[in-house]
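Summary of the model geometry
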Amino acid sequence: QVRLQESGGGLVQAGGSLRLSCAASGRIFAGFQMGWFRRAPGKEREFVAAVNWSGVGTYYGNAVKGRFTISRENAQNTVFLEMNSLQPEDTAVYYCAGRIDRLVRMTTPRMVDYWGQGTQVTVSS
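Just so we're clear, the structure is a prediction, and the values are computed from it rather than from any experiment.

Each value, and the rule that gives it
- Residues numbered from 1 in each chain as written.
- Predicted model: local features only at pLDDT ≥ 70, side-chain atom pairs only at ≥ 80, totals over all residues.
- Heavy atoms only, no water.
- Helix = DSSP H or I, 4+ residues; strand = E, 2+ residues; numbered from the N terminus.
- Contact = heavy atoms within 4.5 Å.
- Salt bridge = Lys/Arg side-chain N within 4 Å of Asp/Glu carboxyl O.
- Disulfide = S-S within 2.5 Å.
- Polar contact = N/O pair within 3.5 Å; in protein donor to acceptor, adjacent residues only side chain to side chain.

What follows deals with the environment of V79. Relative to the helices and strands, V79 is located in strand β8 (residues 78–83). Sequence-wise, V79 and Q1 are 78 residues apart; in three dimensions their C-alpha atoms are separated by 18 Å. Filtering out sequence-adjacent residues up to four positions away, V79 remains in contact with L20, S21, C22, M34, W36, V51, I70, S71, R72 and C96.

What follows is the structure, given as structure tokens:
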């Protein structure tokens, strides 16, 4: 079993930045993908970004490309999401996600094996 714990959410003005962290604990094997999804009020959960085991392979949802950067530190089983140029439409609960299978990209909620509890990000205009 794997546990994911997010931190770093909060309130920021439009144009500002935030950094989210997610620490994984438990039975983590090589190949474990990690990433982020978000759910805005009244909307479905949306893919944000993910990174493969090596940290070299990263991929992003269209809404955040060029503004968000995902990275990971395997020594600490931690993934980070650097969010820049935040806009009110980025307001959502952000969920850390993990997938055991290294071969299939984790880009939809049904591909996720483990979820964190979520952290609120609010961007004011």
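Quick look at the pattern of salt bridges now. Under the defined criterion, the tally for this structure stands at five salt bridges. E82 is the partner of R19 in a salt bridge, and the nearest nitrogen-oxygen pair spans 3.6 Å. Note that R19 is positioned in strand β3 (residues 18–26) and E82 in strand β8, a separation of 63 residues in sequence. Taking the shortest distance from any N to any O, the salt bridge between D101 and R99 comes out at 3.2 Å. Taken together, the salt bridges that share partners define one network made up of R38, E46, R67 and D90.

Moving on to the state of the cysteines. Inspection of the entire model under this criterion finds one disulfide. In this model, C22 is linked to C96 through a disulfide, with the two sulfur atoms separated by 2.0 Å. Taking the sign of the S-S torsion, -85° for the link of C22 and C96, the bridge is left-handed. With a gap of 74 residues between them, C22 in strand β3 and C96 in strand β9 (residues 92–99) connect regions that are remote in the sequence.

Okay, the side chain of R99 next. Residue placement: R99 occurs in strand β9. A distance of 3.3 Å separates a polar atom in the side chain of R99 from the backbone oxygen of V104. If near-sequence neighbours (up to four positions away) are discounted, R99 is found in contact with G31, F32, Q33, V104, M106, M111 and D113.

Function cannot be inferred from these measures alone, as they are strictly geometric.
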